[in-house]
Amino acid sequence: MRAAAYVVGPPDGPGAALTDLARGLGFPVVQTYAGLAAAETQAQQTPLLFFLFAAAADVGSLKPVADAIRFSSSRRIRFSPMVYFSESPLVEAIRTCVEMGFDDVLTLPFTQARVASRLQRLVDHTQVYFETATYLGPDRGAQQTHGRSGMQYRRLEIIRSPARGVSVMRDEMQVAV
């Protein structure tokens with residue numbers, strides 16, 4: 001896969017395990033996330049970036065990083081897949097990730113086959129994203145992304161490809177009903 005993986009998390013423990021998993025999945029570049037500037041430099045060399053978030057004691061603490069990615073001025077960054085690896089399937093943690101625009105939340109077991117299958121769902125086909133003033137991420141239904149009745153939002157159709165990067169196929173303003 002011509003994609004880079006950024007591990008968001010500590011260099012040891014869950015972060016180290018996630019780094020090993022990403023290498024085992026065949027990512028040619030696996031790095032610990034060190035800020036948007038480094039990711040933007042890597043995006044010039046690798047068509048697609050994946051941001052793999054290690055489990056955190058407080059999922060909400062990941063919001064600044066998730067917002068920096070999702071609201072980056074670079075399409076290559078803002079539409080990159082973001083995946084959270086949760087050690088337990090707590091509904092509140094999953095809801096928090098959804099609200100931050102994560103593409104997927106994986107829970108144990110983190111086998112290579114299972115993770116590869118889930119990551120493959122995020123590439124090479126059209127995905128619908130919504131953008132409001134506070135949210136950019138996958139279509140999660142009216143209550144999550146469209147906002148209140150009468151509010152405007154952007155509806156985007158994107159395709160992510162390990163060979164070509166991110167392409168926006170459709171970008172249109174709509175009004176929530």
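The structure reproduced in this document is the subject of the present report. Computed from a predicted structure; not experimentally measured. (Residues numbered from 1 in each chain as written. Predicted model: local features only at pLDDT ≥ 70, side-chain atom pairs only at ≥ 80, totals over all residues. Heavy atoms only, no water.)

Because side chains alternate across strand S5 (residues 104-107), one face comprises the buried residues Asp-104 and Leu-106, and the other comprises Val-105 and Thr-107, equally buried. Handedness of the crossover is the feature at issue here: the chain leaves strand S4 (residues 82-86), passes through helix H5 (residues 91-99), returns alongside S5, and the resulting connection is right-handed. (Buried < 20%, exposed > 50% of the residue type's maximum accessible area, 1.4 Å probe, protein only. Helix = DSSP H or I, 4+ residues; strand = E, 2+ residues; numbered from the N terminus. Right-handed = clockwise from strand over helix to strand, strands pointing away.)

On to the sheet that holds strand S1 (residues 3-8). Read from one edge to the other, the open sheet built from five strands follows the order S2-S1-S3-S4-S5, with strand pairing classed as parallel. Here the strands that pair on one side only, and so sit at the sheet edges, are strand S2 (29-32) and S5. On average, each strand axis in the sheet is tilted by 25 degrees relative to the strand beside it, whichever way the strands run. With four bridges joining them, S4 and S5 adopt parallel strand pairing. Considered in S5, the bridge of Tyr-84 is made with Val-105. The strands that helix H3 (residues 63-70) touches are S1, strand S3 (48-53) and S4; relative to S3, the one it contacts most, it runs at about 165 degrees. (Pairing = 2+ DSSP bridges. Axes fitted to C-alpha atoms, helices over the stretch in contact; angles between N-to-C directions. Contact = heavy atoms within 4.5 Å.)

The antiparallel open sheet is built from four strands, whose spatial order is S7-S6-S8-S9. In the strand order of this sheet, the two ends are held by strand S7 (136-138) and strand S9 (165-175), each with one partner. Mean inter-strand twist for the sheet, computed between neighbouring axes without regard to direction, equals 30 degrees.

A word on the nonpolar core. Counting 25 residues, the largest nonpolar core has Phe-27, Phe-50, Leu-52, Phe-85 and Leu-119 as the members making the most contacts within it. Those elements that provide at least two residues to this core are S1, helix H1 (14-24), S3, S4, helix H6 (112-120) and strand S8 (152-161). One finds Ala-39, Val-59, Ile-69 and Cys-97 within the second-largest nonpolar core, a separate group that totals 22 residues. (Core = buried A, V, L, I, M, F, W, Y, C linked by side-chain atoms within 4.5 Å.)

Now for the packing of aromatic side chains. Each aromatic ring pair is characterised by the separation of its centres together with the angle its planes make. Applying the stated rule across the entire model yields nine aromatic pairs. Centroid distance Phe-79 to Tyr-129: 5.7 Å. Interplanar angle 75 degrees. Geometry classified as edge-to-face. You can see Phe-79 sitting in the loop between helix H4 (75-78) and S4 and its partner Tyr-129 sitting in strand S6 (residues 126-131), a full 50 residues away along the chain. Arranged with centres 5.2 Å apart and planes meeting at 75 degrees, the rings of Phe-85 and Phe-110 form a pair that is edge-to-face. Residue Phe-85 is found in strand S4, and its partner Phe-110 is found in the loop between S5 and H6; the two are separated by 25 residues along the sequence. Three or more aromatic residues link up through ring pairs in this structure, and these residues are Tyr-6, Tyr-33 and Phe-51. (Phe/Tyr/Trp six-rings, centres within 6.5 Å; stacked < 30°, edge-to-face > 60°.)

Right, let's get into the pairing of S9. Taken together, the ten bridges between S8 and S9 define a ladder with antiparallel strand orientation. Bridged to Ile-159 within S9 is Ser-167. What sits between S8 and S9 in their antiparallel hairpin is a turn of three residues.

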